[in-house]
Amino acid sequence: MKTAWYEKTGPARAVLKFGDLTDPVPGPGEVLVAVRASGINPADVKRRAGWRGVGMDHPLIIPHTDGAGEIIAVGPGADAGRIGERVWLWNAQGGYRERGRAYGTAAELIAIDARQAVRLSDHLTFAEGACLGVPAMTAHRAVFADGGVDGKTVLVSGAAGAVGHFAVQLAALDGARVIGTVGNDASARHAKDAGAEITVNRRQEDVAARILDLTEGAGVDRIIEVDFAANAALAAAVLKPNGTIAAYSSSSNPEPVLSYYAFASIGANLRFIQGFAIPEDARRSGETRIDALAGSGRLHVAIGATFPLSDIALAHERVEAGGLGNVVVFPGDPA
């Protein structure tokens, strides 16, 4: 099969290889998926780069956690009736606390646990399906881990990002008033198109003052946080008493200093979200909600750039450079 891989961490062009590797064979409880699209997340790029000392958990890694394709064969114990089913994939490569899987979706074929191959709505393309595993499921967990948000005010930090864009949609569709922070006018339009009622430019405005003004001093019920370290002071300033912060990243400083009394004084609830560690019941709930919204045409997947798998290094560089929308590579013809 055609695939991309790396055997050491480093810059994309220096370590990523493209060529042929042996076709995988599905084991017990696994399905064999012909990958039509492979989604790239910042975590995939960070692991490949060796970000903050991340090393090689395996001698050879086929990158990418997310993907979509068709089941073409099954292993012992897996349901043969699923052959031909369109699916999206999650946690295909990587993991935390354990070595995790070595072989992700940057390949023409992948053998994976049948539970990690979720039926893909006919209303979504393979490229769109390849963006659900981390961005959509992380957003769902962050928004709904502490119950529904109907009638609540939700602040989405980084509302134009991959997770933020889904979080805005999910919260707004559940009946929340959504305020999103953005960095420029294009990001503001992107967030508003997703359902944000108001956007606040973090580079041009006093964000805390604006949010308190918008909420008549009351603050927000929930915060979906993209960078806990960078925005902890803001969160403490605008969160309602007993409100909740759901943080899914802290890239600016993975070891932030926590101002205990700033949060304790308002009884804040701090929740840390990890896409590799979503509880089973929450994952199934997310899969069901995403399928329902996609089936009704209410879920929008923003794709910012696509590349053939042979140009995987360029695709990784696009993720590193930033920009609106998810980045997808195609192992074969565009899907």
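Here the structure is shown first, and the text comes after it.
What this report covers is the structure whose coordinates are included nearby. (Residues numbered from 1 in each chain as written. Predicted model: local features only at pLDDT ≥ 70, side-chain atom pairs only at ≥ 80, totals over all residues. Heavy atoms only, no water.)

Once that is clear, we can look at the overall build of the protein chain. For the protein chain, the count of helices and strands is 11 helices and 15 strands. Against the globule reference of 20 Å for 335 residues, the protein chain gives a C-alpha radius of gyration of 20 Å, in line with a compact fold. Along the longest, intermediate and shortest principal axes, the C-alpha atoms of the protein chain span 60 × 40 × 35 Å. Within the protein chain, the fraction of its 335 residues that count as buried is 53%. The long-range fraction of contacts in the protein chain, counting pairs at least 24 apart against all pairs at least 6 apart in sequence, stands at 70%. When the accessible surface of the protein chain is totalled, it reaches about 14300 Å², and 50% of it is carbon and sulfur. Charged side chains of the protein chain number 32 positive and 37 negative; the gap between the two group centres comes to 2 Å. (Helix = DSSP H or I, 4+ residues; strand = E, 2+ residues; numbered from the N terminus. Rg over C-alpha atoms; globule rule 2.2 N^0.38 Å. Buried < 20%, exposed > 50% of the residue type's maximum accessible area, 1.4 Å probe, protein only. Contact = heavy atoms within 4.5 Å. Areas by Shrake-Rupley, 256 points an atom, 1.4 Å probe, with all protein chains shown as cover. Lys, Arg positive; Asp, Glu negative; His and termini not counted. Charge placed at Lys NZ, Arg CZ, Asp CG, Glu CD.)

With 5 of 5 residues buried, strand β15 (residues 326-330) is to be regarded as a mostly interior element. The alternating pattern of β15 places N326, V328 and F330 and V327 and V329 on opposite faces, both of which are buried. Both strand β14 (residues 303-308) and β15 contribute to a ladder of 5 bridges, which runs parallel. What sits directly across from P308, in β15, is F330. The parallel pair β14 and β15, bridged by helix α11 (residues 312-321), forms a crossover whose chirality is right-handed. (Pairing = 2+ DSSP bridges. Right-handed = clockwise from strand over helix to strand, strands pointing away.)

Here we take up a nonpolar patch on the surface. A surface patch of nonpolar side chains, amounting to about 300 Å² of accessible area, comprises L258, L270 and F272. Counting through the fold element by element, L258 comes out in the loop between β12 (239-247) and α9 (260-264). (Patch = residues over 30% accessible without salt bridge, like charges linked within 9 Å, V, L, I, M, F, W, Y side chains within 5 Å. Salt bridge = Lys/Arg side-chain N within 4 Å of Asp/Glu carboxyl O.)

Another point: the pattern of salt bridges. Evaluated as defined, the whole model comprises 17 salt bridges. Close ionic contact of E7 with K17 constitutes a salt bridge, the shortest N to O distance being 2.5 Å. Placement of E7 in the loop between β1 (2-5) and α1 (12-15) and of K17 in strand β2 (residues 17-20) is noted, with a sequence separation of 10 residues between them. The salt bridge partner of R284 is E287, with a shortest N-O separation of 2.8 Å.

Time to look at unusual backbone geometry. If you check the backbone angles, H64 has positive phi at about 90° while not being a glycine. Residue placement: H64 occurs in the loop between α2 (42-49) and β4 (66-74).

For the rest of this paragraph, the subject is the environment of D291. With respect to the helices and strands, D291 occurs in helix α10 (residues 280-295). For D291 and A236, which are 55 residues apart along the polypeptide, the C-alpha to C-alpha distance reads 35 Å. Once residues within four sequence positions are removed from consideration, D291 is found in contact with R119 and S121.

A separate point is the environment of I266. With respect to the element layout, I266 can be found in the loop between α9 and β13 (269-272). Taking relative accessible area as the criterion, I266 reaches 18% and is therefore assigned buried. Along the chain, I266 and A237 lie 29 residues apart, while their C-alpha atoms are 9.7 Å from each other. What I266 contacts, discounting residues up to four positions off in sequence, is A236, L239, K240, P241 and N242.

The next point concerns the pairing of strand β5 (residues 86-89). Where β4 and β5 come together, 4 bridges link them in antiparallel fashion. Following the sheet pairing, A68 is matched in β5 by W88. Pairing of β5 with strand β7 (residues 117-119) involves 3 bridges; the strand directions are antiparallel. Each residue of the ladder has a partner; that of W88, found in β7, is V118.

To continue, consider the packing of helix α4 (residues 132-144) against helix α5 (residues 162-173). With their axes 8 Å apart at the nearest point, α4 and α5 run at an angle of 50° to one another. By the angle class used here, α4 and α5 are oblique. The handedness of the crossing between α4 and α5 comes out as right-handed. When α4 is examined against α5, the residues L132, P135, A136, T138, A139, H140, V143 and F144 are found in contact with a partner set consisting of A162, V163, F166, A167, L170 and A171. For the contact of α4 with α5, the class distribution of residues is 12 nonpolar, 2 polar and no charged. (Axes fitted to C-alpha atoms, helices over the stretch in contact; angles between N-to-C directions. Parallel < 35°, antiparallel > 145°, perpendicular 65-115°, else oblique. Left-handed = near helix turned anticlockwise from the far one by under 90°. Nonpolar A, V, L, I, M, F, W, Y, C, P; charged D, E, K, R; others polar.)

What follows deals with the sheet that holds strand β11 (residues 220-225). Ordered by their spatial adjacency, 6 strands build an open sheet running β10-β9-β8-β11-β12-β13, and the pairing between neighbours is parallel. What marks the edges here is a single partner per strand, and that holds for β10 (198-201) and β13. Strand-to-strand twist in this sheet, taken as the mean axis angle between neighbours without regard to direction, amounts to 20°. Taken together, the 4 bridges between strand β9 (residues 177-182) and β10 define a ladder with parallel strand orientation. Bridge pairing in β10 places G180 opposite T199.

This part covers the side chain of H316. Inspection of the secondary structure assignment puts H316 in helix α11. Residue H316 is classed as buried on the basis of its relative accessible area of 0%. Only 3.2 Å separates the side chain of H316 from the side chain of R48, close enough to count as a polar contact. (Polar contact = N/O pair within 3.5 Å; in protein donor to acceptor, adjacent residues only side chain to side chain.)

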